Amino acid sequence: MRKGAELEKLAINGGYPVRNEKIFYGCQCIDEEDTKAVVETLLSPYITCGPKVEETERKLEEYTGAKHAVVVSNGTAALHCACIAAGVGPGDEVITTPLTFAASANCALYCGAKPVFADIDPETYNIDPKSIEEHITEKTKAVVAVDFTGQAVKIKEIREICDKHNLIFIEDGAHSIGTKYDGKYVGSLADITCFSFHPVKTITAGEGGAVTTNRDDLYQKIVEAHTHGIVHEEELMEEAPHEGPWYYEQISLGYNYRMTDFQAALLLSQMKKLEKFKARRHEIVEKYNKAFAEVPEIIVQKEIPESDTCRHLYIIRLDLDRLTCTRREFFDAMSAENVQPQIHYVPVYWFPYYKHLGYERGLCPNAEEVYKGIMSIPLYPKMTDEDVDDVIAAVKKVVEAYRK
Ligand SMILES: *Cc1c(COP(=O)(O)O)cnc(C)c1O
C-alpha cells in the first residue's frame, strides 16, 4: 500500500505519478468501421476525384445546413481558399485573433494581405467584436474569426459588423464542427466557414479540411481555388466553341488542394460518429467543470449561452497569484504525473516570422495575459472515466502542492 504522504508527493519530486501510462491532450478515435471504409475505397476504381469526395461534400452540406461544401487537403488550404474567394489581395487587411494556430493569420499572408490582430474577450478567449470594430480601416477586406476550443464566436455581432463595413466573414471552425450557435450548426452561418480534420480535431481524415458557404459566387471561387483554377463546364469557359471533348479551361490561378477519396471515406465514416463524439466530449467537459469549480486556483473558460459547443479543447487557466509555481513548473509537474498538457496557443504575432514583419509584443494585452496562465488538458471521446478521474486528480494534486 502506498501511504498518503507518498501519494501526495509530486512525481516531479520523486513521488508516485497519478497514473503509469501517459495520456495526451488529444487523440483520434478510429475503429474498424473506419478502416474498412478506407480499405474499400482504396480497392475501388477511384482513389481521388471520385464518388467518396462527392458523397462527403453532400453529407457536410446536409449536416451543417450550408448550401455548398468543398472538401480540401487540410484546414490551412481551406483558409487559403476562403481568402482567395473573399478576394483578399495585396494591400488588403484581414482581422483575426492572436490566440489561434498560425494558419488563421498565415492565410492572409498567402494572399499578399496583412493580418491585423484584434484582442480577445478575457473570459471566453474568443475574438472580441468590439476590438474587431476598432481595427477596421478602409483596407479591411475580411474577418477570420476562430471558434476557439469549439465555442462559437459571437456570430450575430460579427455578422453585423461585417455587413456594416462590407467585409467577408470567414469563420475558422477548425475546432468547432458539431457546434451550434442559436440552434444552427456552425458552417451555415458565416459567409465562409473552414474546417480541419487533422487527427487532433473532433473528426479526422488523416489530414483534411472543408470549406462551406451559402453563396454561389463564393462557392465557384472556392472550387476553382482548390483545383488549379480549372473548369470543365462549358458555361464557365471563355473560349467557345471549344476544341473538343478533351478540353477544359484554366480560368484563374488555383492550387491542388484536393482531398483523396480514401480520406473522404474516412471522414464520412467519422461523421457518422460525430454526435456520439460530441456527447462524450460534453460529458467529460461537465465532469471537469464540476471538479474545477471547487478549485479556486483554476479558472474555467466562460461559455456564451448562444453556443451549444462541441468542445475540441479543454483549457484550464491558472490563477498564478494563488500559486507558488510558474505555469512552466505546473506544466512540468503535470507531465511528470503522466498527464501531458499542451499550450494553445503562443500568440501568433510573437513568432519570429511575425516579429520580423514588424509586429510587436503588447498588441493584444488580453490575449497575452490569458496566454500566460492557460494549459490544455486531455479531452477526447475515447477517454475512459478512469482517465478523466486521473486528469482531475493530477490537476488537484499539483494545485495542492503549489497552493499559497
Ligand atoms: C488545426 C487548425 C488549423 C489548420 O488546420 P490544418 O488541417 O492543420 O491545416 C487552422 N486553424 C485552427 C484554429 C486550427 O486549430
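The structure displayed is predicted, hence computed values, not measured ones.

Trainee: Looking at this structure, how should I read the overall build of the protein?
Mentor: Looking only at helices and strands, one finds 14 helices and 15 strands in the protein. A compact globule built from 404 residues would reach a C-alpha radius of gyration of about 22 Å, and the protein, at 23 Å, matches this within 12%. On the principal axes, the C-alpha backbone points of the protein span a range of 85 × 50 × 40 Å. A buried classification covers 56% of the 404 residues belonging to the protein. Partitioning the intrachain contacts of the protein with sequence separation of at least 6 by distance along the chain shows that 72% fall at a separation of at least 24.

Trainee: Explain the pairing of strand β14 (residues 314–318) here, please?
Mentor: Successive residues of a regular strand alternate their side chains across the two faces of the sheet. Among the 5 residues in β14, 5 count as buried, and that is most of the element. With burial as the criterion, each face of β14 is covered, one bearing Tyr314, Ile316 and Leu318 and the other bearing Ile315 and Arg317. Note that strand β12 (residues 298–300) and β14 share 3 bridges and pair antiparallel. Each bridged residue has a counterpart across the sheet, and for Ile299 the counterpart in β14 is Arg317. With 4 bridges joining them, β14 and strand β15 (residues 374–377) adopt antiparallel strand pairing.

Trainee: Sorry if this is basic, but what is going on with the pattern of salt bridges here?
Mentor: Two side chains of opposite charge can pair, provided their charged atoms sit close to one another. Under the counting rule described, the total for this entry stands at 28 salt bridges. We note a salt bridge from Lys273 to Asp34, for which the minimum N-O separation is 2.6 Å. Highlighted residues: Lys273 in the loop between α9 (261–271) and α10 (274–293) and Asp34 in helix α2 (residues 32–42), separated in sequence by 239 residues. Just as Lys273 is buried, Asp34 falls in that class too.

Trainee: What is the right way to read the domain arrangement of the protein from this model?
Mentor: Where interface size is quoted, it is often the accessible area lost as the parts come together. Under the domain assignment, the protein is made up of domain 1 (2–27 + 274–402) and domain 2 (32–270). Between the C-alpha centres of domain 1 and domain 2 the distance comes to 29 Å. Facing the 39 residues of domain 1 at the interface are 40 residues of domain 2. For the pair domain 1 and domain 2, the summed buried area comes to about 3600 Å², and 61% of that belongs to carbon and sulfur atoms. Our enumeration of links across domain 1 and domain 2 arrives at 1 salt bridge. Counting the contacts that link domain 1 with domain 2 gives 22 residue pairs in polar contact (both at pLDDT 80 or more). Going through the elements one at a time, α10, β13 (307–308), β14, α12 (352–356) and α13 (365–373) are the ones with two or more residues in the side of domain 1 that touches domain 2. Per element, the largest residue contribution to the side of domain 1 that touches domain 2 is 5 residues, and it comes from α10. Among the residues making up the side of domain 1 that touches domain 2, the classes are represented as 24 nonpolar, 6 polar and 9 charged.

Trainee: What is the right way to read the sheet that holds strand β6 (residues 180–181) from this model?
Mentor: Across a sheet, strands are paired by hydrogen bonds formed along the backbone, either parallel or antiparallel in direction. Taken in spatial order, the 3 strands line up as β7-β6-β13 in an open sheet, and their pairing is antiparallel. Edge positions in the sheet fall to β7 (184–185) and β13, since each has one partner strand and no second. The sheet contact formed by β6 and β13 spans 2 bridges and is antiparallel. Across the sheet, Tyr181 pairs through a bridge with Ser307, a residue of β13.

Trainee: Looking at this structure, how should I read the packing of aromatic side chains?
Mentor: Geometry of an aromatic ring pair is reported as the spacing of the ring centres plus the angle between the planes. Under the defined criterion, the tally for this structure stands at 14 aromatic pairs. Seen from their ring centres, Phe101 and Tyr345 are 6.5 Å apart, and the 50 degrees between their planes marks the pair as tilted. Here the residue Phe101 occupies a position in the loop between β2 (93–96) and α5 (103–110), and Tyr345 occupies one in the loop between α11 (327–336) and α12, the gap between them amounting to 244 residues. Between Phe117 and Tyr354, the aromatic rings sit 5.9 Å apart at their centres with planes inclined by 70 degrees, giving edge-to-face as the arrangement. On the criterion of sequence distance, the pair formed by Phe117 in strand β3 (residues 114–117) and Tyr354 in helix α12 is long-range, its members being 237 residues apart.

Trainee: Even after reading the chapter, I still don't get the packing of helix α4 (residues 75–85) against helix α8 (residues 216–226), so can you show me in this structure?
Mentor: When two helices pack together, their arrangement is captured by the angle between the axes and the distance separating the axes. One way to put it is that α4 packs onto α8 with a least axis distance of 8 Å and a crossing angle of 130 degrees. One finds that α4 runs oblique with respect to α8. Where α4 crosses over α8, the two elements pack in a sense that is right-handed. Between α4, through Cys81, Ile84 and Ala85, and α8, the contact on the second element is made entirely by Leu218, Lys221, Ile222, Ala225 and His226. Across the contact of α4 with α8, the residue classes tally to 6 nonpolar, 1 polar and 1 charged.

Trainee: What am I meant to see in the layout of surface pockets here?
Mentor: In this structure, the largest pocket encloses a volume near 550 Å³. Contributing to the lining of the largest pocket are 23 residues, with Glu54, Glu57, Val223, His226 and Thr227 lying nearest its centre. Broken down by secondary-structure element, the contributors of at least two residues to the lining of the largest pocket are α3 (51–64), β1 (68–72), α8 and β10 (230–231). Of all the elements, α8 adds the most residues to the lining of the largest pocket, at 5 residues. Its residues placed into classes, the lining of the largest pocket shows 10 nonpolar, 7 polar and 6 charged.

Criteria and cut-off values
Residues numbered from 1 in each chain as written. Predicted model: local features only at pLDDT ≥ 70, side-chain atom pairs only at ≥ 80, totals over all residues. Heavy atoms only, no water. Helix = DSSP H or I, 4+ residues; strand = E, 2+ residues; numbered from the N terminus. Rg over C-alpha atoms; globule rule 2.2 N^0.38 Å. Buried < 20%, exposed > 50% of the residue type's maximum accessible area, 1.4 Å probe, protein only. Contact = heavy atoms within 4.5 Å. Pairing = 2+ DSSP bridges. Salt bridge = Lys/Arg side-chain N within 4 Å of Asp/Glu carboxyl O. Domains from an automatic or database assignment. Buried area = accessible area lost by both parts, 1.4 Å probe. Polar contact = N/O pair within 3.5 Å; in protein donor to acceptor, adjacent residues only side chain to side chain. Nonpolar A, V, L, I, M, F, W, Y, C, P; charged D, E, K, R; others polar. Phe/Tyr/Trp six-rings, centres within 6.5 Å; stacked < 30°, edge-to-face > 60°. Axes fitted to C-alpha atoms, helices over the stretch in contact; angles between N-to-C directions. Parallel < 35°, antiparallel > 145°, perpendicular 65-115°, else oblique. Left-handed = near helix turned anticlockwise from the far one by under 90°. 1 Å grid on protein atoms, 1.4 Å probe; cavity = no way out; pocket = protein on both sides within 12 Å on 5 of 7 lines; lining within 4 Å. Points joined across faces, edges and corners; volume = space filled by probe spheres on them.

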